[in-house]
Structure formats: structure tokens, C-alpha cells
2 protein chains.
Amino acid sequence: MAVYTEVPDSALSAFLDAYDLGTLLSYKGIAEGVENTNFFLHTTAGNFILTLYEKRVNEADLPFFLNLMEHLARRGLACPQPVRNRQGEALGRLCGRPAVIVSFLDGVSVKVPGVDQCRALGQALAALHAAGRDFGMTRANSLSVSAWRPLFAQAEHQADSVSPGLAARTRADLDLLESAWPTGLPGGVIHADLFTDNVFFIGEDLSGLIDFYFACTDAFAYDLAICLNAWCFSPDGSFHRDRAAALIAGYEAVRPLEAAEVEALPILARGAALRFMLTRLVDWLNVPPGALVQPKDPREYDRRLTFHRQARDARDYGRA
Amino acid sequence: MAVYTEVPDSALSAFLDAYDLGTLLSYKGIAEGVENTNFFLHTTAGNFILTLYEKRVNEADLPFFLNLMEHLARRGLACPQPVRNRQGEALGRLCGRPAVIVSFLDGVSVKVPGVDQCRALGQALAALHAAGRDFGMTRANSLSVSAWRPLFAQAEHQADSVSPGLAARTRADLDLLESAWPTGLPGGVIHADLFTDNVFFIGEDLSGLIDFYFACTDAFAYDLAICLNAWCFSPDGSFHRDRAAALIAGYEAVRPLEAAEVEALPILARGAALRFMLTRLVDWLNVPPGALVQPKDPREYDRRLTFHRQARDARDYGRA
């Protein structure tokens, strides 16, 4: 949670002059978002979110993310919609950073998801995959299997200080995943980071998806595997089969999995867990001095890997 | 800027059940507020701020602050109004902290105030003093002159490490202020912390005052002296006579100063500067490990003191 960039009122006013958003009534820095600076913006035209992209976002990727959100919103998916200024541009600059205004999405994220919420998530994930099918741009997944060994190389010498035996476990996982990683699965646009903070509910209803800044082109079932990890385990590593069954059933109610996807599910889930364990491990070992953000614990994903290593097929994930 | 207390959605939902605020649509932690945790709250009943009081606020003082905000709002002052729950209580508990919901106030705070904004501030400050006249409660100013020497005692041995000569300068200021501090000036409820972040504007118009958690019973002219320090100097210590003249003129357009207040203005301004220098100095020297908040620089107020020490009368502050 952090505001990395302070925006003076005078700079914001000048920035907003390029938009048709009426008078600025209020703006407040939001204590969320690990990667970027976000402001809640209230104008006579409504509520918005202003995002300043900090150094971890590659500016060259922004057109993909922004066009994708516009595309998905046009297809009826509830997600933030970039606001274009009078020149027709969605991407601007503010305080030296790339900056974008998007529509404000109501909803509350759950900390501990229930079965019904997992089912709703599955449906929304499949709807997202369907809505992205005719999106014209692509973006390689820069955090897929080929990126994991170089990531691990940054942390390998200190891995055992985080958890005894972690280095050896990770080397074995990498060997297996690199040789067994499935190719040719049905794919397209995936969210790739659909953690609970990025899914909004109003009452019992899923009201929207946010934070498309890891979206990329990859296997649909890998996105499902990321959600299995993010939604169906407790921090202590215990697996909630009922949630996983509901998540998969919700997904398949909209888009049934193909046989190859069902077969690949355990390896995809194991890979997804390793991906998040590795990025968390690198962040954990490299907290900058004066950091505004508490790094997430890589051991939560190390514990999930214990489950994945013993899973034999999709039935172990609650698929009927 | 910080969210000191994470509030799970389930805890918030249970808390809101006691209020008539409809369905929760959104809540986001706000990266503002040095003392407390604040959330922006959107429900079907409107926009609100939820505040959790952290350890620096004395719980016994909360009824004073909350009743004051209700009183001032009833007198037509634009300030946050506490929302009472179905039991008629404004003060609740959430995540082990005292917690209050107040109405959301639109407006934007300026970083570098202009002359017109200073005049508007002066008018609003006098209106606040008038609106508080018939408020039934009192609260001693726990950060007035008698508190300064004990505060300094916590920092004296390290003061020169912050700015050479600061310890000797402060001892001399304390000696003078303790002997010359005025008593018997007109007084009542003062805000006591009306920095630019606590004053909102929409366009050119002052739209409201917030953050009454230093409010107390003290001399009205001392509140004006705090504003002179907060609004009429640059961080480098340079004094903006035009802003100060407008601030005082705005104040006197609503409530003319008495002769004793005019005479006391230089010593009050000097005392106000010392008060903020001292609390900043103590915070500066005691940043807790893992602090989420960057402490404010006490030297900004040391530099203002250089101006105050050479001021002879209220004309030096731009009073006609």
C-alpha cells in the first residue's frame, strides 16, 4: 500500500484540463496497489481512479493493457474503462509518469473467499477468456516457465535462509516443469493475476475485475491454475477442495475444459505456485530501504507446492 | 500516509450492520492521515469516511471531537459530520480500535496557497470561532506553552544534530515565551491544526475544514498565529507578507481582533512555530522501525522562528 508519487493540486488541475470531466471535487491517494500510485478522483462527472505507473510497469506494455480494458468493457465485462481526453488519448503524463484515468468500479474484495464466490469467479474468468477472443493485440507472458530459472538465479544463494531446503526443492521443480510444461493448449488473453484483491463483489454478486497489468497471451487453463492457487488455499498451505470444485465448475459452466487442459491442470497449478513463490522470494530478499510496502511471504507458495507435488490428476483439484 | 489497521471485509460488514447506510459498495484505504487509519466508504446511502483511531489519539478526548463536529455542522460550518448508528452512537469499535463514520466532504487541499485562499481561510477560521462559541464542552490545549519544555527535554541532547545551535536557540525561546505568554485573550474552541491539508477548496471557493483531532479551548488569536505559520511561509523560511495580510484581513472581516490580540500576535506566532518545531523534532528523532510515515522536517519551523524573533509588532505580519 503506497502512494509513491505525490501529485500537487496544481499539476493535477493542469492534467485534468485536457479531459471532459468537469470540476475536480476531491482526490485522495489510495493505500492499495503494490506497483503503482492510485488516486480516488471525484469530479462533477463522477468517480474515477487516476493511476500513475511507477517504474515496475513497462511503458511499452501500456497500450496493450489499456486497449484490452476498453475491448473487454465493450464486450460487457465489468472492468475499469480508460477515459480518453479531448485529443482521444487514454495515456497521458503526470509528474513525469505515464498516467491514466479509468472509471471507478464499485465492489469489495473478499479476504477469505467462500464457495459461492469461487463459483462466481470461475464464471467471470471464463467470460473474460471469451470476451478477449477477438482482441487484436498480443503480449507474451514474461513470467512464464522460461523466466523462472533466471528469476531463481537471483535468489538461489539465499533461498535456504527463507525456508530450509527451498533451494533444492525449487531446482527439482524447475527441472520437472521445464521438461513437462504443456504447449498447444487453448489460449488467448489471460488476466494472470486474479487474486482476491482484484475481484470485486457487491453483496453476493461479483461486480467486476480490476488490475490488468499482468494480462498477457497464454493458456486459458493456466489462468484457472493461478486462481486455484490464489483462491483455494489458506496461508498455511491447506487446500480447500470445496472452493476448487466450485471454481472449476463455475468456469466450465461457461467454457468446458478440453481433455488436454484437464490433464495439464496439476502441472499448471504447480507452475503457477512456483511463479508466485519465485517473484515473492526475489522481492522478499530485496526489500529496498524505506520501502512503503510489506513484501508478501514466499513461504505461503512454498507450502502450496507441497500439495501440488503430490497431486496426480484434476480430480485432486475437485474436478468431477 | 498510512493504513495502520487492515480491516477485513467481514469485520467491516458486521460493523456497518449497526448503521442505516444501506449496502456497502466500495471501501478503500486512504494514504493520508498521519495519526489515524482512514477509509473511503461508498454505500448506497452515499460517500463517507471511516476513521479508526490509532494509539496517538486519547480515547477519552473522542466525545469532545465528535460532539464538536456535530455542533459546528449544526451551526452551518462545512465540516465532516459524525454518523450515528441505530443505537444513536457516533463512536463504535472496529478491529479493536475506536471507530467513527463521518460524512464525506468534497474539496481539494492546496499545497502552495495563494492570497485569495488565505483570505478565505481567515474568514473560515473566524466563522469557526464564532460557531464554537456556544459549544458546551471544553478541552485544555495539551500542546500549549507549559508542554513545550517537557517536550524539548525529550530531544534537547540531540537537537544540535538536527541543526547546529538549535538547543541554545530553543532554550532562549522557551525562557522568553514562558515569561511573556499572554493570558486573558478572547478564546473558545480553536482548531489548532489548520494546515493546508485540513482545508478544502472547490475551484476558488473554500468548501470545508477537516481533522478536528487537535481542537481544544484556547485563545482565538493563537489559532490565527498557527495559520500564519502554516500558510504564509515557504519551507525555506521566507515569509509571504501578502498572504499574511490577506489571512488577517479575512479573519477581521468576520471578527475584528481586539487591541490585546493585535499586540500579542508576534509572541503567539513565535510560540506556534516553536510548538510545531518541537513536536516535529521529537518525531524526527524517534522514527520507529518500519514506520509507514515520513516524519516532517522540524527545520522548516526553526527557519520560521528566525523571522518571528525579529518581528516587532503585528505590522510585521501584514496587519494594516
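Think of each chain on its own: its residues are numbered from 1, step by step along the sequence as written. Both sets of labels track the order of writing: A upward for chains, 1 upward for ligands. Selection of residues for local features in this predicted model requires a pLDDT of at least 70, selection of side-chain atom pairs for listing and counting requires 80 or more, and totals for whole chains, interfaces and linings are taken over all residues. Side-chain figures throughout are based on the complete set of non-hydrogen atoms in the structure, without hydrogens or water.

In the annotation of an unreviewed UniProt entry, the entry for chain A reads Homoserine kinase, and the organism field reads Methylobacterium symbioticum. Per its UniProt entry, chain A bears the Sequence similarities (unreviewed entry) comment "Belongs to the pseudomonas-type ThrB family." UniProt positions are given in the numbering used here, feature names are shortened, and annotations may be inferred rather than shown by experiment. If you open the UniProt record of chain A and go to Pathway (unreviewed entry), you find "Amino-acid biosynthesis; L-threonine biosynthesis; L-threonine from L-aspartate: step 4/5."

Brief notes about the domain arrangement of chain A
Residues and elements named next belong to chain A. For the purposes of this description, domain bounds are those given by an automatic or database domain assignment. We note that the domain assignment places domain 1 (9-103) and domain 2 (115-317) within chain A. One C-alpha centre belongs to domain 1, the other to domain 2, and the line joining them spans 27 Å. With 19 residues of domain 1 at the contact, the number on the domain 2 side is 22 residues. Buried area: the sum, over both parts, of the accessible surface (1.4 Å probe) that disappears when the two are put together. Buried surface at the junction of domain 1 and domain 2, both sides included, amounts to about 1800 Å², of which 73% is carbon and sulfur. Any carboxyl oxygen of Asp or Glu within 4 Å of a side-chain nitrogen of Lys or Arg constitutes a salt bridge here. Between the two partners, domain 1 and domain 2, sit 2 salt bridges. The salt bridge involving Arg75 is made with Asp134; its shortest N-O contact spans 2.5 Å. Two N or O atoms form a polar contact when they lie within 3.5 Å of each other; inside protein one atom must be a possible hydrogen donor and the other a possible acceptor, and for residues adjacent in sequence the pair counts only when both atoms belong to side chains. Where domain 1 meets domain 2, there are 6 residue pairs in polar contact (both at pLDDT 80 or more). Amino acids are sorted into nonpolar (Ala, Val, Leu, Ile, Met, Phe, Trp, Tyr, Cys and Pro), charged (Asp, Glu, Lys and Arg) and polar (every other residue, Gly among them). Split into classes, the residues belonging to the side of domain 1 that touches domain 2 amount to 12 nonpolar, 3 polar and 4 charged. Any pair of residues with heavy atoms lying within 4.5 Å of one another is described as a contacting pair.

Digging into the nonpolar core
Membership of the largest hydrophobic core comes to 192 residues, with the highest contact counts inside it found for Phe212 and Trp231 of chain A together with Phe212 and Trp231 of chain B. Contacts of Trp231 of chain A, omitting those with residues within four sequence positions, involve Val110, Pro113, Gln117, Cys118, Leu121, Leu194, Phe195, Thr196, Val199, Phe201 and Arg243 of chain A. By convention a nonpolar core is built from buried Ala, Val, Leu, Ile, Met, Phe, Trp, Tyr and Cys residues, the set being connected through side-chain atoms within 4.5 Å. With a 1.4 Å probe rolled over the protein chains alone, any residue whose accessible area is under 20% of its type maximum counts as buried; one over 50% counts as exposed, and the rest are partly exposed. Core analysis: the second largest hydrophobic core is formed by 40 residues, Val7 and Ala99 of chain A together with Leu21 and Leu94 of chain B among them.

What about the environment of Asp175 of chain B?
Residues and elements named next belong to chain B. As for its position among the elements, Asp175 is in helix H6 (residues 166-180). Using a relative accessible area of 45% as the deciding quantity, one classes Asp175 as partly exposed. C-alpha of Asp175 to C-alpha of Ser13: the two residues are 162 residues apart in sequence and 54 Å apart in space. Secondary structure counts use DSSP, requiring at least four H or I residues in a row for a helix and at least two E residues in a row for a strand, with both numbered from the N terminus.

Some details on the packing of helix H4 (residues 145-153) of chain B against helix H9 (residues 259-285) of chain B
All names here are of chain B. Interaxial angles span 0 to 180 degrees and are taken between N-to-C directions of axes, which are lines fitted to C-alpha atoms, for helices over the stretch in contact. Contact geometry for H4 and H9: axes closest at 10 Å, N-to-C directions at 30°. In this view, H4 runs roughly parallel relative to H9, as classed from their interaxial angle. Classified by chirality, the crossing of H9 by H4 is left-handed. Side by side, H4 and H9 meet where Trp148, Leu151 and Phe152 of the first sit next to Gly271, Leu274, Arg275, Leu278, Thr279 and Val282 of the second. Broken down by class, the residue content of the contact of H4 with H9 amounts to 6 nonpolar, 2 polar and 1 charged. Angle categories: roughly parallel below 35 degrees, roughly antiparallel above 145, roughly perpendicular from 65 to 115, and oblique for all the rest. Put simply, a crossing is left-handed when the front helix is turned counterclockwise from the back one by less than a right angle, and right-handed when it is turned clockwise.

Considering the packing of helix H7 (residues 220-231) of chain B against helix H8 (residues 241-254) of chain B
All names here are of chain B. The interhelical angle for the contact between H7 and H8, taken along N-to-C directions, is 150°, at an axis separation of 10 Å. Relative to H8, the element H7 is oriented roughly antiparallel. When you trace H7 past H8, the crossing you get is right-handed. For the pair H7 and H8, contact is made by Phe220, Leu224, Cys227, Leu228 and Trp231 and by Arg243, Ala244, Leu247, Ile248 and Tyr251, respectively. Counted by class, the contact of H7 with H8 contains 9 nonpolar, no polar and 1 charged residues.

Things to note about the interface of chain B and chain A
Counting residues at the interface gives 29 residues for chain B and 29 residues for chain A. Interface of chain B and chain A: buried area, both sides summed, is about 2500 Å²; carbon and sulfur atoms make up 61% of it. Applying the counting rule to chain B against chain A returns 0 salt bridges. Between chain B and chain A we count 8 residue pairs in polar contact (both at pLDDT 80 or more) in total. Of all the secondary-structure elements, those providing two or more residues to the side of chain B that touches chain A are strand S1 (24-30), strand S2 (37-43), strand S3 (46-52) and strand S7 (199-202) of chain B.

Some points on the relation of the copies chain B and chain A
Of the two same-sequence chains, chain B is brought onto chain A (RMSD 0.0 Å, axial shift 0.0 Å) by a rotation of 180°. Here the symmetry operator amounts to a two-fold rotation axis. Take the interface residues of chain B: 100% of them recur as interface residues in chain A, which is what a same-surface contact looks like. All copies are superposed by least squares; the fitting set is the C-alpha atoms of residues with a pLDDT of at least 70 in both.

Details of the environment of Ala221 of chain A
In this fold, Ala221 of chain A is placed in helix H7 (residues 220-231). Ignoring sequence-local partners within four residues, the contact set of Ala221 of chain A consists of Glu261, Leu265 and Leu268 of chain A.

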